[in-house]
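Geometric and topological summary
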Amino acid sequence: MMHQQRPEGHLSPPSDTEDIVTVLAPRLAYFAGVARTEHVTRAAQEMQVPQSTLSRAMVRLEQDLGVDLFARRGRTVSLTPAGRTFLGSVERALAEIERAADEVRADADPATGKVAFGFLHTMGSETVPALIRAFRADHPRVRFSLVQNYGEAMIERLRSGELDLCLTSPVPDAPDLVGRRLDEQKLRLVVPADHRLASRRRIRLAEAADETFVTLEPGYGLRRITDDLCRQAGFRPRVAFEGEEAETLRGLVAAGLGVALLPPPAVPRPGVVELTVTSPRAAREIGVAWLDGHPDTPPVAAFKKFLLSKRGTLLPE
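Model, not experiment: these values are computed from the prediction.

This paragraph deals with the packing of helix H2 (residues 28-37) against helix H5 (residues 81-108). The geometry of H2 relative to H5 is characterised by a closest axis approach of 10 Å and an angle of 120° between their N-to-C directions. One way to sum up the angle between H2 and H5 is to call them oblique. Relative to H5, the crossing made by H2 is left-handed. The segment H2 lies against H5, with Leu 28, Ala 29, Phe 31, Ala 32 and Ala 35 engaging Gly 83, Phe 86, Leu 87, Val 90 and Leu 94. Of the residues contributing to the contact of H2 with H5, the split by class is nine nonpolar, one polar and no charged.

One open sheet holds the five strands; their spatial order is E4-E3-E5-E13-E6, and the pairing between them is mixed. For this open sheet the edge positions go to strand E4 (143-148) and strand E6 (177-186), each flanked by a neighbour on one side alone. Adjacent strand axes in the sheet meet at a mean angle of 20° when their direction is disregarded. Contacts between helix H6 (residues 127-136) and the sheet are confined to strand E3 (114-119), E4 and strand E5 (165-168), with E4 contributing the most and set at about 170° to the helix.

Attention shifts here to helix H7 (residues 151-160). Looking at H7, one finds that the buried residues are Gly 151, Ala 153, Met 154, Ile 155 and Leu 158. Against E3, E4, E5, E6 and strand E13 (283-291) lie the buried residues of H7. Gly 161 sits one or two positions beyond H7 and adopts a positive phi of about 90°.

Here we take up the pairing of E5. Residues Leu 165 and Leu 167 line one face of E5 and the alternating positions Cys 166 and Thr 168 line the opposite face, and both faces are buried. Examined bridge by bridge, E3 and E5 share three bridges and lie parallel to one another. For Phe 119, the partnering residue across the bridge sits in E5 and is Leu 167. Pairing geometry for E5 and E13, over three bridges, is antiparallel. By the bridge assignment for E13, Thr 168 is matched with Gly 287.

Our next topic: the pairing of strand E12 (residues 272-279). Bridging between strand E7 (residues 188-192) and E12 involves five bridges; their strand directions are antiparallel. Across the sheet, residue Val 191 finds its bridge partner in E12, namely Val 273. Bridge analysis of strand E8 (residues 202-204) against E12 gives three bridges, and the strand direction is parallel. Bridge pairing in E12 links Arg 202 to Thr 276.

Looking now at the pattern of salt bridges. On inspection of all chains with the given rule, the structure shows 24 salt bridges. The partner of Asp 227 in a salt bridge is Arg 223, and the shortest N-O contact between them spans 3.1 Å. Of this pair, Asp 227 and Arg 223 are both found in helix H8 (residues 221-232), four residues apart, which corresponds to roughly one turn of the helix. Among the salt bridges present, the one from Asp 296 reaches Lys 304, with a minimum N-O distance of 2.6 Å. One network of salt bridges, with partners in common, ties together Arg 181, Glu 184, Arg 281 and Glu 285.

Another point: the nonpolar core. Judged by nonpolar contacts, the single largest core of 35 residues is most densely connected at Phe 117, Met 123, Phe 144, Leu 165, Leu 167, Phe 303 and Leu 307. At the level of elements, E3, H6, E4, H7, E5, E6, E13 and helix H10 (298-308) are the ones that each hand at least two residues to this core. Considering every element that reaches this core, the biggest residue donor is E13, with five residues. Contacts of Leu 307, omitting those with residues within four sequence positions, involve Phe 117, Leu 131, Leu 165, Leu 182 and Val 288.

What follows is about the packing of aromatic side chains. The tally for this structure, following the rule as stated, stands at 11 aromatic pairs. Aromatic side chains Phe 117 and Phe 303 sit 5.0 Å apart centroid to centroid with 80° between the ring planes, which places their arrangement in the edge-to-face category. With Phe 117 in strand E3 and Phe 303 in helix H10, this pair connects stretches of sequence that are 186 residues apart. With respect to burial, Phe 117 and Phe 303 carry one shared label: buried. Taken together, a centroid distance of 4.5 Å and an interplanar angle of 25° make the contact between Tyr 150 and Tyr 220 stacked. Taken together, the positions of Tyr 150 in the loop between E4 and H7 and Tyr 220 in the loop between strand E9 (212-216) and H8 put the pair 70 residues apart, joining distant regions of the chain.

Reading guide: rules and limits
- Residues numbered from 1 in each chain as written.
- Predicted model: local features only at pLDDT ≥ 70, side-chain atom pairs only at ≥ 80, totals over all residues.
- Heavy atoms only, no water.
- Axes fitted to C-alpha atoms, helices over the stretch in contact; angles between N-to-C directions.
- Helix = DSSP H or I, 4+ residues; strand = E, 2+ residues; numbered from the N terminus.
- Parallel < 35°, antiparallel > 145°, perpendicular 65-115°, else oblique.
- Left-handed = near helix turned anticlockwise from the far one by under 90°.
- Contact = heavy atoms within 4.5 Å.
- Nonpolar A, V, L, I, M, F, W, Y, C, P; charged D, E, K, R; others polar.
- Pairing = 2+ DSSP bridges.
- Buried < 20%, exposed > 50% of the residue type's maximum accessible area, 1.4 Å probe, protein only.
- Salt bridge = Lys/Arg side-chain N within 4 Å of Asp/Glu carboxyl O.
- Core = buried A, V, L, I, M, F, W, Y, C linked by side-chain atoms within 4.5 Å.
- Phe/Tyr/Trp six-rings, centres within 6.5 Å; stacked < 30°, edge-to-face > 60°.

Fair warning: the whole summary comes from geometry, so function is off the table for now.
Rendered as structure tokens:
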């Protein structure tokens, strides 16, 4: 049988690509089944659809494409050259769809699914490992995709769907997000061990107005808190360095580059003294956030419930 073009009634790929996809997609599995068996009746039996439905779908598919995909001999069919070309792409597309379906089903599995979780750099050394270890005591096979970043970057990843949950500070207040306060972390003024204030245990932040500060970069939640606390104390900090990680700042304080407002370290660092700030009240809220209205898979729902159960006990005393 000669391969013939079907000029009438077919869609034009350059202008109607979206329409072609919409029309063709439901028929691709039917086409692959018929191509595999080379027999309409057997294909209909295997796919458990009426033979008439399958036959009509193949005719419509050829009409929409404008080419013959099959050479027909009774109920037996064979692929034309165009059909063989089309089949290769169809099989790859169907295999990719099946792979994607398997992946999302696996990620949603209550026992072995995946949680995409973001957290602050300062939560990474102790807090987050302890949380995951405790959660996996009851959910040992749940997988985690972890992102460590600053608050604004994680919020954007929540909005883009890359993260399910994030542990951040300050707790976001936005109409498209849900934020829940979990705990509070006191901030300390960290000074070099040989600093003029190093003999003190407590300090009003205003007493550091003439000091040089090392801080996190703009956009970090802790940087906003630092600027706000200094403003409350009546001054604008003179900044010598802007970094991305709190322990780097602590090391620069030890080197004498400046002072810093930081949360407590996981392990005490030599070369610095950490002073309690009595005024203004120096603390930051730590909370969990997620996208409002975003449905949770079972593993995400379980981990969210676990995090919310840690209210008031998330951080060590």
